Amino acid sequence: MPYFSYKALATNGTVATGEIEASDRPEALRVLDKRGLQPVNLKESSRAASVKSPKKKEATVPKRKEKSSESNDEIPDGPLKLKRAEVILFTEELSDMLGAGLQLEPALKSMENRQELGSLKAVSQRIRTIVRDGVNFSVALKKVSPSFGPLYCSLAAAGEASGALDTILKRQAHYLKTLAELQSRLILAMIYPAFLVLVGLGVGVVFITTLIPQLTELIKSTPGGKIPWAIGLMMGFADFVKSWWIVVTLALIGAFLFFKAWKDNEANKPKWDEMKLTMPLVGAVISSRFYVQFLETMANLVGNGLPLLRALELSRDATQNLSLRRQLNGVIDQVGDGRAFSKAMIRSGTFPPLLIDMISVGEQTGKIDQSLRRAAERYDKELDKDLQRIMALIMPTVLILMALLIGSFAYLMITAIFQTISNLGQ
């Protein structure tokens, strides 16, 4: 078994040197980590294991096995699931420590030692172990937990390439918190409308199954009574549902499964992503969110010295909408051929004129990163306005629909009653 000579920093700040026996370099790093040593230099020693005395082997082999078992107990196998709140906490903690000047591995080590982080300790430990073996942070995120998602990992890769990992993680934490807050606000805003919808459906069921049949029997028993066409239509629909409800349910389930299979098909994903951009209200939110994310990522990458073409490629990889990614591919091809960034955006036909004008000014002044950041702030405000507009429309829309439903039932009932009274008077 080979030996490794090391130079490491101890917890008290002193420099420790020596040799350890390990099967490979990753195991040597784990042994040093268990001893509380932060390696500065680690290389395989020229001396072979055979020159070691039997006494030395007896002393070191049991220790190595014990440490290996401890490592296996502390690091669970398989992907780790995280809640959204835990992903946000991990991102905030890591971005703060990186922004304070810590390197990635010591920052993860600090998070690993925090007792209040709960399950994030295991995540930090797994990621640090993988990163310490020379794997990129973004790749480690994919291996450790699927909860981070493709967008998160792509942005992390962009941060690693530009040296602005702390800034990008901080913006990602802000985005995740905004998304969580929006979902919370949406749930709270939908409680009352959902209650109204349930009450309206309950009233409709009572009307169709109880009141209208009784009123229909009354009209039929009245001399010269005539059932209004609207009530007859509703009764026919109710009878159809009672007789064929199993077929209707299976048809709805089949339609949903067919749509889901079509949407998840790789060949149809670009078309579905394009359709989402044209949806009323929702399309504007998706477009504004893309502009904010694209502009913020570009501003961070270009501001940290990355070439424009490489920044565009990383920003494209962080874009999940395949339709928008296809448009960015066209922009990248044109910029690669020597065309100006703003001119390539004009030819793509995807970006709004105001955004192009702001970037064109940045190209002319040589401060394109500042122009990108100002454009991101502007479209962040537009995104907030779009979200507020949707939230404001939910309540009146539900109220109007419920008023139309209940009002229609009431009108039909009153019309039928007055018609019955009129027939009795003749």
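Above: the structure in question.
Residue indices begin from 1 for each chain and proceed along its sequence in written order. Thresholds applied to this predicted model are a pLDDT of at least 70 for local features of residues and 80 or more for the giving and counting of side-chain atom pairs; totals over whole chains, interfaces and linings are not thresholded and use all residues. Each side-chain value is worked out from all heavy atoms of the structure, with water and hydrogens disregarded.

Draft legend 1. Representation of the side chain of S95 in the model. Secondary structure elements follow DSSP: runs of H or I no shorter than four residues count as helices, runs of E no shorter than two count as strands, and numbering proceeds from the N terminus. Structurally, S95 can be placed in helix α3 (residues 84–99). The buried category is assigned to S95, whose relative accessible area is 2%. Side-chain atoms alone can form a polar contact between residues adjacent in sequence; in general such a contact is a pair of N or O atoms within 3.5 Å, and within protein one must be able to donate a hydrogen while the other accepts it. At 2.9 Å, the side chain of S95 forms a polar contact with the backbone oxygen of E92. Residue contacts for S95: discarding those within four places in its chain leaves D166, L169 and K170. Exposure classes here rest on a 1.4 Å probe applied to the protein chains alone. A residue is buried below 20% of its type maximum, exposed above 50%, and partly exposed in between. The contact definition used throughout considers only heavy atoms, calling two residues in contact when any of these lie within 4.5 Å.

Draft legend 2. Focus on the nonpolar core. Membership of the largest hydrophobic core comes to 65 residues, with the highest contact counts inside it found for F90, I127 and F341. Counting residues per element, this core draws most heavily on helix α11 (residues 282–303), which supplies 9 residues. Discounting chain neighbours no more than four positions away, the residues touching F341 are F294, M298, L308, L312, V331, V335, I359, E363, I368 and L372. Take the buried residues of types Ala, Val, Leu, Ile, Met, Phe, Trp, Tyr and Cys, join any two whose side-chain atoms come within 4.5 Å, and each joined set is a nonpolar core. Residues I212, L215, A230 and I231 belong to the second largest nonpolar core, which totals 14 residues.

Draft legend 3. Local environment of helix α13 (residues 322–336). Expected span, for any helix, means 1.5 Å times one less than how many residues it has. Helix length check: α13 (15 residues) gives 21 Å between terminal C-alpha atoms against 21 Å at 1.5 Å per residue, within 8%. Taken as a whole, α13 has its buried residues at S323, L324, L328, V331, I332, Q334 and V335. The secondary structure elements touched by the buried residues of α13 are α10 (269–277), α11, α12 (308–317) and α14 (341–348). Its side-chain oxygen at 3.0 Å from the backbone nitrogen of S323, N321 defines the N-terminal cap of α13. Trailing α13 by a residue or two, G338 shows a phi angle of about 105°, which is positive.

Draft legend 4. Structural context of helix α7 (residues 149–162). Under the 1.5 Å per step criterion, the end-to-end length of α7 is 20 Å for 14 residues, consistent within 8% with the ideal 20 Å. Three or more residues of α7 are buried, namely L151, Y152, C153, S154, L155, A156, A158, G159 and S162. Just downstream of α7, G163 is the residue with a positive phi angle, here 80°.

Draft legend 5. Summary view of the packing of aromatic side chains. Between the rings of Phe, Tyr and Trp (Trp by its six-membered ring), a pair exists once the centres lie within 6.5 Å; its type follows the angle of the planes, with under 30 degrees stacked, over 60 edge-to-face, and the other angles tilted. The tally for this structure, following the rule as stated, stands at 10 aromatic pairs. Measuring from centroid to centroid gives 5.0 Å for F148 and Y152, while their planes differ by 50°, and the two rings are tilted. The same class applies to F148 as to Y152, namely buried. Note on F294 and F351: the rings are 5.7 Å apart at their centroids and 40° apart in plane angle, and the pair reads as tilted. Of this pair, F294 sits in helix α11 while F351 sits in the loop between α14 and α15 (353–365), and the two are 57 residues apart along the sequence. For the residue pair F294 and F351, the accessibility class agrees, reading buried in each case. The rings of F290, Y291, F294, F351 and Y379 are connected pair by pair, giving a single aromatic cluster.

These figures capture arrangement, not role.
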